[in-house]
Amino acid sequence: MTKLFEHAVERVRTLPPELQDEYARVLLRLAGDDGDEPVHQLSREEKASLAMSRAQAARGEFATDEEVRAVWAKHGL
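Here the structure is a predicted model, which is why all the values come from computation and not from measurement.

> Explain the pattern of salt bridges to me, and be specific about the residues and the numbers.
The final tally for this structure, using the stated rule, is three salt bridges. Glu10 is paired through a salt bridge with Arg13; the nearest N and O atoms lie 2.5 Å apart. Taken as a pair, Glu10 and Arg13 lie in helix H1 (residues 3-13) at a separation of three residues, close to a single helical turn. In this structure Glu10 comes out as partly exposed when scored by relative accessible area, which is 44%. By relative accessible area, which is 53% here, Arg13 ends up exposed.

> Could you give an account of the environment of Val9, naming the residues involved and the relevant values?
If you trace the backbone, Val9 turns up in helix H1. Expressed as a C-alpha distance, the spacing of Val9 and Glu66, which sit 57 residues apart in the sequence, is 46 Å.

> So, a nonpolar patch on the surface: which residues are in play, and what are the values?
Nonpolar side chains collect at one region of the surface, where Met1, Phe5 and Leu27 lie side by side and expose about 320 Å² of accessible area between them. Looking at where Leu27 falls in the secondary structure, it is placed in helix H2 (residues 17-30). The exposure class of Leu27 is partly exposed, given its relative accessible area of 43%.

> Before we move on, could you go through H2 and cite the residues and values that matter?
With 14 residues, H2 extends 20 Å between its outermost C-alpha atoms, agreeing within 8% with the 20 Å of an ideal straight helix rising 1.5 Å per residue. At the exit of H2 stands Gly32, carrying a positive phi of roughly 90 degrees.

> Which residues make up the environment of Thr14, and what values do they have?
Along the chain, Thr14 falls in the loop between H1 and H2. A residue is classified by how much of its surface remains accessible, and Thr14, at 57% relative accessible area, is exposed. Considered as a pair, Thr14 and Ser53 are 39 residues apart in the sequence and their alpha carbons are 42 Å apart. Within the local environment of Thr14, its side chain forms a polar contact with the backbone oxygen of Arg11, the two atoms lying 2.6 Å apart.

Reading the values: the criteria
- Residues numbered from 1 in each chain as written.
- Predicted model: local features only at pLDDT ≥ 70, side-chain atom pairs only at ≥ 80, totals over all residues.
- Heavy atoms only, no water.
- Salt bridge = Lys/Arg side-chain N within 4 Å of Asp/Glu carboxyl O.
- Helix = DSSP H or I, 4+ residues; strand = E, 2+ residues; numbered from the N terminus.
- Buried < 20%, exposed > 50% of the residue type's maximum accessible area, 1.4 Å probe, protein only.
- Patch = residues over 30% accessible without salt bridge, like charges linked within 9 Å, V, L, I, M, F, W, Y side chains within 5 Å.
- Areas by Shrake-Rupley, 256 points an atom, 1.4 Å probe, with all protein chains shown as cover.
- Expected span 1.5 Å × (residues − 1).
- Polar contact = N/O pair within 3.5 Å; in protein donor to acceptor, adjacent residues only side chain to side chain.

Written as C-alpha cells, this is what we have:
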C-alpha cells in the first residue's frame, strides 16, 4: 500500500460509519468491483429520457453552438 493510499484510509477512518461506507462503495466501483448494490437506479422517466437522447445522438441531432450558448447564458455561465 502506498503512503498516499494509507493516508487516505486513515483520513476516512475518522469519518462517521455511513460516510465510510459511501467512500468504500466509490473505491470499490473505481477498482471494478460493483458489489451487489447498483450505484444508481434510473427511474422509468430517466430511462426513457436517456433512450431518447441516445436516439437523437445516433441520428446526429445535436444542439447548435448558438443553442448551447443560450442555455449557458440562461444559467449565468
